[in-house]
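Structural characterization, general
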Amino acid sequence: MAEKKEIIPKKHPMPVQDPRERIRNFNEVALGYDEETAVAEAKRCLQCKKEPCRQGCPVEVDIPAFIRMVAERDFEGAIKKIKEKNALPAVCGRVCPQENQCEKYCTLGKKHEPVAIGRLERFCADWELARGVFPQEVAPPTGFKVAVVGSGPAGLTCAADLAKLGHKVTVFEALHVPGGVLMYGIPEFRLPKRVVQAEIDNLRNLGVEIVTNAVVGKFATVDELMEEEGYDAVFIGTGAGLPYFMNIPGENSCGVYSANEFLTRVNLMKAYLFPAWDTPIKVGRKVAVIGGGNVAMDAARTALRLGAEESWIVYRRTEKEMPARHEEVENAKEEGIKFAFLTNPVRILADEHGWVKGMECLRYELGEPDESGRRRPVPIPGSEFIMEVDTVVVAIGQAPNPLVPRTTRGLEIGKKGNIVADPATGATSKPGVFAGGDVVTGAATVILAMGAGRIAARSIHAYLMSKKA
Ligand SMILES: Cc1cc2nc3c(=O)[nH]c(=O)nc-3n(C[C@H](O)[C@H](O)[C@H](O)COP(=O)(O)OP(=O)(O)OC[C@H]3O[C@@H](n4cnc5c(N)ncnc54)[C@H](O)[C@@H]3O)c2cc1C
Ligand code: SF4
């Protein structure tokens, strides 16, 4: 009879920077497993025959196989196995909400803590990046040209898959650096930019050309790319970068930022290194971030690192309804972020020079569940109070970027400005044009965007091959 495997109930902890230290720098908070810890964690895996963890991974990584290789110390084999399916493992290992994906389905997780699949993926990817990157196989050229619009996780995944299949891929990116939210949104202390750039360089090695400072819809439309520039197919992955505002009085005061602007200044333009870098940022003593998602958490933690004495999350529901990842909320709490739940501003107050000096807020209570399934926040009449703050960051969500949908003929657009695409194929209403990621779903996650990029690449390949036949 086979020997019964000893169960280790808890994940091996990952070392982190001390909260007192890390609020004074932008270095990565989580420090990653070393080889011994990774091997020990990999040995917790039960190697289940039915592989339930795989069902939870939108890009279908062969999780048990790569974990087995880590347990056997075959780290090179492990990263190659991951990369068969995932073009950005160092990114995913850091920012995926594994608790709602692979780890949610892990057999061990039913009674104990699941295997730390995300930490092991990160370990393998970092192990490779520390040694340079192993070359991947590319099929012989097919002669087809594909344009990818947007270089976020959706566009990059689609580009990588198409390049591996032998197509000539050009990525057009509006900003001066590729990576999308990975570069301008998610802060350095959660996702170091050198890691993102290393993974993007890896795509260049597959032959993908990336053209930056190229706003599709301005220098050329999607129609022009296809009709005049000779692209045989187009993938649109332009994301959801248009911030929502609250539309309350005083919102145009100085010191009110959208989270998008606030984080772009800090992450992409390195305003935290001003004046060595020339983009400035002004953060006061007391900062309020409105919202309860990952974006709000990132902005509040960034404000603290920029020297704010107090950084508040102001959220109209309770902690239970917050969409942010549990781990990020815990990290924020450790760092001293303060939370004002069941609270929402109705007016921003400014001084005689137009600078924010406070917010008039209302207190809320929870009513019946709404269409999202979460209990609806209901304002309590007469509960007005003033919160004294000198900086406000609005992080209540983003809509799809409108330029490409508006300038492409024959593209069906949804109610929220999203591009309508078949979730099973990524096909839009326009032949040869495919779309995926946040521009289709609205603001979602990195791995879902990557999954959509992969599905579209498969369909684009089939579409191109049928043209050849
Ligand atoms: C602050 C923040 C924190 C987040 N944290 C997490 C997290 O921890 N985990 C997680 O899974 N998800 C997180 N997300 C969500 C995740 O980043 C997005 O769901 C994901 O990046 C979407 O990928 P995408 O490729 O669809 O779009 P994006 O990443 O938005 O990329 C779109 C790209 O297209 C470019 N573009 C737009 N219009 C044009 C045009 N006309 N021409 C050329 N290029 C164009 C943009 O400049 C951008 O580079 C976070 C988002 C934000 C904003
Ligand atoms: S479900 Fe968990 S224990 Fe089972 S193979 Fe996947 S990671 Fe290992």
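Residues numbered from 1 in each chain as written. Chains lettered and ligands numbered in written order. Predicted model: local features only at pLDDT ≥ 70, side-chain atom pairs only at ≥ 80, totals over all residues. Heavy atoms only, no water.

To continue, consider the nonpolar core. Counting residues in hydrophobic clusters, the biggest one holds 76 residues, and the most contacted among them are Ile63, Phe66, Ile67, Val70, Leu120 and Ile460. Leaving out residues up to four positions away in the same chain, Val70 has contacts with Ala38, Val39, Ala42, Phe75, Ala78, Leu120 and Cys124. Grouped together as the second largest cluster of nonpolar side chains are 24 residues, Ala300, Ala303, Ala308 and Val393 included. (Core = buried A, V, L, I, M, F, W, Y, C linked by side-chain atoms within 4.5 Å. Buried < 20%, exposed > 50% of the residue type's maximum accessible area, 1.4 Å probe, protein only. Contact = heavy atoms within 4.5 Å.)

Let's shift gears to the pattern of salt bridges. What the rule picks out here adds up to 40 salt bridges. In this structure, Glu328 and Arg190 form a salt bridge, with 3.6 Å as the shortest nitrogen-oxygen distance. Of the two residues, Glu328 sits in helix H15 (residues 326-334) while Arg190 sits in the loop between helix H10 (181-184) and helix H11 (193-205), which places them 138 residues apart along the sequence. For Arg190, a relative accessible area of 10% translates into the label buried. With a shortest N-O distance of 3.7 Å, Glu310 and Lys286 are connected by a salt bridge. Placement of the pair is Glu310 in strand E8 (residues 310-314) and Lys286 in strand E7 (residues 286-290), with a sequence separation of 24 residues. Looking at Glu310, the relative accessible area reads 27%, which means it is partly exposed. (Salt bridge = Lys/Arg side-chain N within 4 Å of Asp/Glu carboxyl O. Helix = DSSP H or I, 4+ residues; strand = E, 2+ residues; numbered from the N terminus.)

Another point: the environment of Ile67. Relative to the elements of secondary structure, Ile67 occurs in helix H4 (residues 63-71). Here Ile67 falls in the buried class, since its relative accessible area comes to 2%. Here the alpha-carbon distance between Ile67 and Arg122, two residues 55 residues apart in the chain, equals 12 Å. In contact with Ile67, other than residues within four places in its own chain, are Ala42, Cys45, Gln47, Val115, Ile117 and Leu120.

With respect to spatial proximity, the complete set of residues near ligand 2 consists of Cys45, Leu46, Gln47, Cys48, Pro52, Cys53, Pro64, Cys106, Thr107, Val115 and Ile117. The residue makeup of the shell around ligand 2, split by class, is nine nonpolar, two polar and no charged. (Near = heavy atom within 4 Å. Nonpolar A, V, L, I, M, F, W, Y, C, P; charged D, E, K, R; others polar.)

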